[in-house]
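Here are the chains, one letter per residue:
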Amino acid sequence: VDFFEIIAECSVALAGFGAVHAVLRGATNPRGAFRAWTVVVQGAVSFVLSVLPLVLTLTSLSNESLWRSVSAVGLVATSATAYSFIVFDIRMTRLGHPPQALASIRIAQLFAIASILALLANFIGWPWQPGPFLYAVALILVLITGLVALLHAFILPVLLVFDGKDVESPQEPNGAMANDESTFSDSSQ
């Protein structure tokens, strides 16, 4: 039970940090907004799913029924978020906003699918009886999905600098500095 309390605290921290990131810098374009939204939603989903077993332990459900119930709720929530994120990714690409780092998006999607599979296995009782282990694994995978999106937001500018591409400043469009009219790419001249 202490594990789920710790995951709940981590989830709140992730969702809060994602919201702060979105407000301060992350939502400067559709892909940035998508990353920030992913972090916040994954944090919120893992928070709700980590608190749910704590609440249901107060009921008269048997141990097996409790873990089947929370796994069913988790399966619906993680499936819905994974599906919506995949659909939004496809729509943004079609609208002319291609992924900036396809590898991190696919890694996050794989973690989301792995969490769905862990919850499904716990719900049907395979390979063990339903219990906290697979449920905890699924929660960690949900958190990792949000962390991949958050780390991507910080890794992307570094990769762009190493590739020699222009990096837009959050204050001014087209990379113009507040006191200097040059862009990052022009500053090397």
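Residues numbered from 1 in each chain as written. Predicted model: local features only at pLDDT ≥ 70, side-chain atom pairs only at ≥ 80, totals over all residues. Heavy atoms only, no water.

Student: Can you help me understand unusual backbone geometry in this one?
Tutor: Peptide bonds are, in most cases, trans, and in most cases residues other than glycine have a negative phi. Cis geometry is found at the peptide bond from Trp126 to Pro127, where omega equals -5°. Here Pro127 is to be found in the loop between helix 4 (102-124) and helix 5 (132-163). (Helix = DSSP H or I, 4+ residues; strand = E, 2+ residues; numbered from the N terminus.)

Student: Where do I start with the packing of aromatic side chains in this structure?
Tutor: Here a ring pair, both rings aromatic, is described through the centre-centre distance and the interplanar angle of the planes. Under the criterion given, the structure shown has six aromatic pairs. Ring geometry for Phe3 against Phe4: centres 5.4 Å apart, planes inclined by 80°, an arrangement best described as edge-to-face. Look at Phe3 and you get partly exposed, because its relative accessible area is 33%. A residue is classified by how much of its surface remains accessible, and Phe4, at 5% relative accessible area, is buried. For the pair Trp128 and Phe133, a centre-to-centre distance of 5.8 Å together with 85° between the ring planes defines the contact as edge-to-face. Three or more aromatic residues joined by ring pairs form one cluster here, namely Phe3, Phe4, Trp67 and Tyr135. (Phe/Tyr/Trp six-rings, centres within 6.5 Å; stacked < 30°, edge-to-face > 60°. Buried < 20%, exposed > 50% of the residue type's maximum accessible area, 1.4 Å probe, protein only.)

Student: What is the right way to read helix 4 from this model?
Tutor: Each turn of an α-helix holds 3.6 residues, which means side chains three or four residues apart point in the same direction. In a regular helix each residue adds 1.5 Å, so 23 residues correspond to 33 Å; helix 4 covers 33 Å between its end C-alpha atoms and thus fits that length. If you check which residues of helix 4 are buried, you get Ser104, Ile105, Ala108, Gln109, Ala112, Ser115, Ile116, Ala118, Leu119, Ala121 and Asn122. Just downstream of helix 4, Gly125 is the residue with a positive phi angle, here 80°. (Expected span 1.5 Å × (residues − 1).)

Student: Can you help me understand the packing of helix 2 (residues 30-56) against helix 3 (residues 63-94) in this one?
Tutor: A pair of packed helices can be characterised by two numbers: the angle between their axes and the separation between those axes. For the pair helix 2 and helix 3, interaxial distance at closest approach is 10 Å and the crossing angle is 175°. Accordingly, the angle class assigned to the pair helix 2 and helix 3 is roughly antiparallel. Looking at side-chain class alone, the contact of helix 2 with helix 3 contains 17 nonpolar, seven polar and two charged residues. (Axes fitted to C-alpha atoms, helices over the stretch in contact; angles between N-to-C directions. Parallel < 35°, antiparallel > 145°, perpendicular 65-115°, else oblique. Nonpolar A, V, L, I, M, F, W, Y, C, P; charged D, E, K, R; others polar.)

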